Amino acid sequence: MDVDGNKRVFQRLGAPSSAPNDSSKQKVCYHWRAGKCSRYPCPYLHRELPAPTSNGGGPKRFAEDSGSQFSRRGPNKFTGGSNTWGRVHGGNNTVRKAEKVCNFWVQGHCNFGDRCRYLHSWSVGDSFSLLSQLEGHQKVVTGIAFPSGSDKLYTGGKDESVRMWDCQSGQCILVVNLGAEVGCMISEGPWIFVGLPNLVKAWNTQTSAELSLNGPVGQVYAMVVGHSLLFAGTQDGSILAWKYNEITNNFEPAASLTGHSVAVVSLVVGANRVYSGSMDNTIRVWNLETLQCIQVLSDHTSVVMSVLCWDQFLLSCSLDKTIKVWAATESGNLEVTYTHNEEHGILFLCGMHDLAGRPVLLCACNDNSVRVYDLPS
């Protein structure tokens, strides 16, 4: 799936869309950045390009409402009954711009040490620190599964393999070659599900049972479990559902949800609904009981890469560089109630609570970074 990598690199270099003078004058000298430029005069800049200025007058804020639930309107336990998305609530809420990690430090031979102008760490701020780096996959990692209560981590990638890692030592203890690219992975109970082209593989980590779920057309890009059903979003735009039969010890086809015109790349279950994001730039809302589509959300202008339920809200992100927050109206339909803009396309959303129990949102962006945001501000 193309996420516009060339454009991402072009934008990361800070190249302007148009410039009145020679384009070479707008490039920063690569050798100067490395501290090794010996050209005089040098045709390139020996300084960093100024950061782009914002045209906005401050963060966009929500209008007041009574706090709507997906299924039924009610009080918002996080915001005390009023909508406070995008609002700052005391403390140090200054947003720090992303800083560049030193390439030479990554390679283990930066000569500048503490004097280096670039980061010699994997993170900025005190939210997270690097615990370990697991190396082994030869291509992009497309799925991670961490079964509850397990001390094993499972990863899959485009190198056509699934790896199992020991969480205590960080060592890879098993490699399974599948012969096809992994599109996604999830875990539910003892089961590990792996999305492949035209197939879903299921492994039971307790009994070592292995099952193959047939039916998908093309790559399986997203999976989720809800209402005792396994849902899989496929390349042809359909969402397939299976139900586990305890008598036959097998997953049996239960339904096929159609409506998206191209690949379904994100799925989430919440408030008795299934939400699906697609490369057709839409989100579809499905009733979890009837499996019928009840609403189509079309506010994004590019691929909807990830959807996430948090409290009474639906969050979605896209390659259109926005995160949108959706809330239910009096009619029960979802509408955008807040839009957060990023400088790059957003690939994935994940919610969790920090050590103090505060909800935070992690956003994987198309500039090789993960941003951590406080919710709901």
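Parameters and conventions
Residues numbered from 1 in each chain as written. Predicted model: local features only at pLDDT ≥ 70, side-chain atom pairs only at ≥ 80, totals over all residues. Heavy atoms only, no water. Phe/Tyr/Trp six-rings, centres within 6.5 Å; stacked < 30°, edge-to-face > 60°. Helix = DSSP H or I, 4+ residues; strand = E, 2+ residues; numbered from the N terminus. Buried < 20%, exposed > 50% of the residue type's maximum accessible area, 1.4 Å probe, protein only. Polar contact = N/O pair within 3.5 Å; in protein donor to acceptor, adjacent residues only side chain to side chain. Contact = heavy atoms within 4.5 Å. Pairing = 2+ DSSP bridges. Axes fitted to C-alpha atoms, helices over the stretch in contact; angles between N-to-C directions. Core = buried A, V, L, I, M, F, W, Y, C linked by side-chain atoms within 4.5 Å. Salt bridge = Lys/Arg side-chain N within 4 Å of Asp/Glu carboxyl O.

- An unreviewed UniProt entry annotates the protein as C3H1-type domain-containing protein originating from Punica granatum.

### Overview of the packing of aromatic side chains
Thought 1: Applying the stated criterion across every chain yields a total of 7 aromatic pairs.
Thought 2: Residues F193 and F251 carry aromatic rings whose centres are separated by 5.5 Å and whose planes lie at 80° to one another, so their mutual orientation is edge-to-face. Residue F193 is found in strand β6 (residues 191-196), and its partner F251 is found in strand β12 (residues 250-257); the two are separated by 58 residues along the sequence. Both residues of the pair, F193 and F251, belong to the buried class.
Thought 3: Ring centres of W310 and F313 lie 6.2 Å apart, and the angle between their planes is 20°; this geometry places the pair in the stacked category.

### A few points about the side chain of T234
Thought 1: As for its position among the elements, T234 is in strand β10 (residues 229-234).
Thought 2: The class of T234 is buried, set by a relative accessible area of 0%.
Thought 3: Reaching out from T234, the side chain makes a polar contact with the side chain of D236 at a distance of 2.5 Å.
Thought 4: Excluding residues within four positions of it along the chain, T234 makes contact with P216, V217, Q219, V220, A263 and V264.

### A closer look at the sheet that holds strand β5 (residues 184-188)
Thought 1: The 4 strands are arranged β5-β6-β7-β8 in an open sheet whose pairing can be described as antiparallel. What marks the edges here is a single partner per strand, and that holds for β5 and β8 (210-214). The average undirected angle you get between the axes of adjacent strands in this sheet is 20°.
Thought 2: Strand direction decides the pairing type here: β6 and strand β7 (residues 199-204), joined by 6 bridges, are antiparallel. Each bridged residue has a counterpart across the sheet, and for G195 the counterpart in β7 is V200.

### A word on the pairing of strand β19 (residues 322-328)
Thought 1: With 7 of 7 residues buried, β19 is to be regarded as a mostly interior element.
Thought 2: Along β19, one buried face is formed by T322, K324, W326 and A328 and the opposite face, lined by I323, V325 and A327, is buried too.
Thought 3: Bridge analysis of strand β18 (residues 313-318) against β19 gives 4 bridges, and the strand direction is antiparallel. Directly across from C317, in β19, lies its bridge partner I323.
Thought 4: The loop that links β18 with its antiparallel partner β19 comprises 3 residues; one of these, K321, has a positive phi angle of about 75°.
Thought 5: With 7 bridges joining them, β19 and strand β20 (residues 334-341) adopt antiparallel strand pairing. Paired with A328 across the bridge in β20 is L334.

### Describing the nonpolar core
Thought 1: W85, L315, L349 and L361 are the most contacted members of the largest nonpolar core, which totals 22 residues.
Thought 2: Of all the secondary-structure elements, those providing two or more residues to this core are β17 (304-310), β18, β19, β21 (346-353) and β22 (359-365).
Thought 3: Leave out the neighbours within four places in its chain, and L361 touches L308, L315, I323, L349, C350, R371, V372, Y373 and L375.
Thought 4: Listed in part, the 15 residues of the second largest apolar core include L213, V220, A232 and F251.

### A closer look at the sheet that holds strand β14 (residues 273-278)
Thought 1: Spatially, 4 strands are ordered β13-β14-β15-β16 in an open sheet, and the strand pairing comes out antiparallel. Both outer strands of the open sheet, β13 (264-270) and β16 (293-297), are each paired with one neighbouring strand and no more. Across this sheet, the average inter-strand angle for adjacent strands is 20°, counted without regard to direction.
Thought 2: Here β14 runs beside strand β15 (residues 283-287); their pairing, made up of 5 bridges, is antiparallel. Within the sheet, the bridge partner assigned to G277 lies in β15 and is I283.

### With respect to the pattern of salt bridges
Thought 1: Throughout the structure, instances matching the rule amount to 5 salt bridges.
Thought 2: The partner of K201 in a salt bridge is E210, and the shortest N-O contact between them spans 3.0 Å.
Thought 3: E210 gets classed as partly exposed once you look at its relative accessible area, which sits at 46%.
Thought 4: Between R371 and D367 there is a salt bridge, with the nearest N and O atoms lying 2.8 Å from each other.
Thought 5: What you see here is one network of salt bridges that share partners, running through E342, D367 and R371.

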